[in-house]
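Architecture and fold: a report
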Amino acid sequence: MNRFEYVRAGSVTEAVAAASAPGAAYLGGGTNLIDLMKGGMSRPSRLVDITRLPGLDRIEHREDGGVRIGALVRNSDLAYDTGFVARFPAIAEALRAGASPQLRNAATTGGNILQRTRCAYFYDAASACNKRDPGAGCEAIGGETRTHAVLGWSDRCIATHPSDFCVALAAFDAVVEVVGETGARDVPLETFHRLPGDTPERETDLAPGEMIVAVRLPAEAATFADHARYLKLRDRTSYAFALVSAAAGLRLDGGRIAEARIALGGVAAKPWRCREAEALLAGAAPEETSFNRAAQAALAGAMPSGENAAKIELAKRLVRRALARAAAGTPRPLPALPGSVFAPATGGQDHV
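Residues numbered from 1 in each chain as written. Predicted model: local features only at pLDDT ≥ 70, side-chain atom pairs only at ≥ 80, totals over all residues. Heavy atoms only, no water.

Concerning the overall build of the chain
- On a plain count of helices and strands, the chain comes out with 13 helices and 12 strands.
- The principal-axis extents of the C-alpha atoms in the chain amount to approximately 60 × 50 × 35 Å.
- Classification of the 352 residues of the chain by burial places 53% in the buried group.
- The contacts in the chain between residues at least 6 apart in sequence include a share of 63% that link residues at least 24 apart.
- Distance between charge centres in the chain, computed from 41 positive and 39 negative side chains, equals 3 Å. (Helix = DSSP H or I, 4+ residues; strand = E, 2+ residues; numbered from the N terminus. Buried < 20%, exposed > 50% of the residue type's maximum accessible area, 1.4 Å probe, protein only. Contact = heavy atoms within 4.5 Å. Lys, Arg positive; Asp, Glu negative; His and termini not counted. Charge placed at Lys NZ, Arg CZ, Asp CG, Glu CD.)

Thoughts on the packing of helix H12 (residues 288-298) against helix H13 (residues 310-328)
- Running from N to C, H12 and H13 point in directions that differ by 140 degrees, and their axes come no closer than 8 Å. The angle between H12 and H13 falls in the class oblique. Read as a crossing pair, H12 and H13 show a hand that is right-handed. Seen from H12, the contacting residues are Phe291, Asn292, Ala294, Ala295, Gln296 and Ala298; seen from H13, they are Lys316, Val319, Arg320, Leu323, Ala324 and Ala327.
- Taken together, the residues of the contact of H12 with H13 break down into eight nonpolar, two polar and two charged. (Axes fitted to C-alpha atoms, helices over the stretch in contact; angles between N-to-C directions. Parallel < 35°, antiparallel > 145°, perpendicular 65-115°, else oblique. Left-handed = near helix turned anticlockwise from the far one by under 90°. Nonpolar A, V, L, I, M, F, W, Y, C, P; charged D, E, K, R; others polar.)

Here's the deal with H13
- In a regular helix each residue adds 1.5 Å, so 19 residues correspond to 27 Å; H13 covers 27 Å between its end C-alpha atoms and thus fits that length.
- Among the structural elements, strand S9 (228-233), strand S10 (244-253), strand S11 (256-265), helix H11 (275-281) and H12 are those in contact with the buried residues of H13.
- Gly329 sits one or two positions beyond H13 and adopts a positive phi of about 110 degrees. (Expected span 1.5 Å × (residues − 1).)

Focus on the pairing of S11
- Among the 10 residues that make up S11, seven are buried, leaving the element largely enclosed by the rest of the structure.
- Two elements, S10 and S11, share nine bridges in a ladder whose sense is antiparallel. Paired with Asp253 across the two strands is Arg256, which belongs to S11.
- Where S10 folds back on S11, the antiparallel hairpin that results is connected by two residues, among which Gly254 adopts a positive phi of roughly 65 degrees.
- Note: S11 against strand S12 (residues 272-273), two bridges, orientation antiparallel. Across the sheet, the residue bridging to Ala263 is Arg273, located in S12.
- What sits between the antiparallel neighbours S11 and S12 is a turn of six residues, in which Gly266 has the positive phi angle 75 degrees. (Pairing = 2+ DSSP bridges.)

Comments concerning the pattern of salt bridges
- Taken as a whole and judged by the stated rule, the model has 23 salt bridges.
- As a salt-bridge pair, Glu259 and Arg251 come within 2.9 Å of each other at their nearest N and O atoms.
- For Glu259, a relative accessible area of 26% gives the class partly exposed.
- For Arg251, a relative accessible area of 29% gives the class partly exposed.
- One network of salt bridges, in which partners are shared, links Asp173, Glu190, Arg251, Glu259, Arg261, Arg273, Arg275 and Glu278. (Salt bridge = Lys/Arg side-chain N within 4 Å of Asp/Glu carboxyl O.)

Details of the sheet that holds strand S5 (residues 67-70)
- What the five strands build is an open sheet, ordered S4-S5-S8-S6-S7; its pairing is antiparallel. The open sheet has two edge strands with one neighbour each: strand S4 (59-61) and strand S7 (183-188). Neighbour-to-neighbour, the strand axes of the sheet open up by a mean angle of 20 degrees, direction not taken into account.
- Relative to S5, S4 runs antiparallel, the two being bridged by three bridges. Paired with Glu60 across the bridge in S5 is Arg68.
- Here helix H1 (residues 12-19) sits on the sheet and contacts strand S6 (175-180) and strand S8 (211-217); the angle it forms with S8, its principal contact strand, is near 125 degrees.

Observations concerning the sheet that holds S11
- Pairing within the open sheet is antiparallel, and its four strands lie in the order S9-S10-S11-S12. The open sheet is flanked by S9 and S12, the only strands paired with a single partner.
- Those strands touched by H13 are S9, S10 and S11, and its axis lies near 35 degrees from that of S10.

Concerning the nonpolar core
- Counting 40 residues, the largest nonpolar core has Phe84, Ile91, Phe172, Leu189 and Leu217 as the members making the most contacts within it.
- With seven residues, the top contributor of residues to this core is helix H9 (residues 165-171).
- Setting aside chain neighbours within four positions, we find Ile91 in contact with Phe84, Phe165, Ala168, Leu169, Phe172 and Leu217.
- One finds Leu151, Leu233, Ala295 and Ala315 within the second-largest nonpolar core, a separate group that totals 33 residues. (Core = buried A, V, L, I, M, F, W, Y, C linked by side-chain atoms within 4.5 Å.)

Topic: the side chain of Asp164
- In this fold, Asp164 is placed in the loop between helix H8 (120-123) and H9.
- In this structure the side chain of Asp164 is engaged in a polar contact, spanning 2.9 Å, whose partner is the side chain of Lys232.
- Setting aside anything within four residues of it in sequence, one finds Asp164 in contact with Ala94, Ala97, Gly98, Tyr230, Lys232 and Ala242. (Polar contact = N/O pair within 3.5 Å; in protein donor to acceptor, adjacent residues only side chain to side chain.)

Re helix H5 (residues 89-97)
- Counting buried positions along H5 gives nine out of nine residues, so the element sits mostly inside the fold.
- Every buried residue belonging to H5 is among Pro89, Ala90, Ile91, Ala92, Glu93, Ala94, Leu95, Arg96 and Ala97, and all of these are buried.
- Considering only its buried residues, H5 is in contact with helix H3 (75-79), helix H4 (82-87), helix H6 (101-104), H9, S8 and S9.

Below, the structure is given as structure tokens:
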């Protein structure tokens, strides 16, 4: 780990000013950043500690039914907030499916959004990686690609984004509140993360020094609460990143689908919103034929980035299953194996 300057900010304004220096990084929960620093993937010259900034650890339930989540809210606090679970169950299910209870007790909302890929070539300092060292090449291409992208990848990078939380946020139109030297702005979560293109080292829409202060969910997201699920396919049933994941929400009216929400994880360098598939479901019956058509549309542009063609079929099947379980109704309480495709479709005892 390289030597660095440590700055404890007393306000958001101080934090932004300190983090605008070249090579600076924000320190929140640190569950990803510290690992990156230990492995040499991240070498900040200055750490700006924002953990004691007032007001960023609040969950604000708004009168219109929406919610504002501070950047320092712990994943575990949000996942078990009764009001949040009632209105946004698929997002709570995604949170509970991520990492381990110990990590969820430390990880923050802002840090989850900013976590970096778990591509093995990115984490291996001996491997060429354009994310870690722009222009070095991508050794993942032609390598072991089972877990890599099938949507939105380029010849510079085939890594995937690891978050569960972000997939569900993208499905339900979350907005990221950002503050920088030029002021405050809102960025839709759907466009916050960037596809690799020719510049895979540029992973988000953030400008240098900009800081996430909160995430908002609109009241409309709560209208899917009765028919919303998050499913995650992984190599083991806990403490593993997704091979593929899917967030699905349906709003039913008169036995038909009035609106649908679908997003995929583990398939691209960002959470993948499936708007074409959503449009196909509008007005359709909530049945297998409709879900099959939506699954095909969701993966219409998918291409293997190596020997991972099976991932495309896995993603289609997971979309179908997530929609079917959403149509069956949100279980109360959430399943004992949150996010698991092996959990019963009905509810079960929660694990705290």
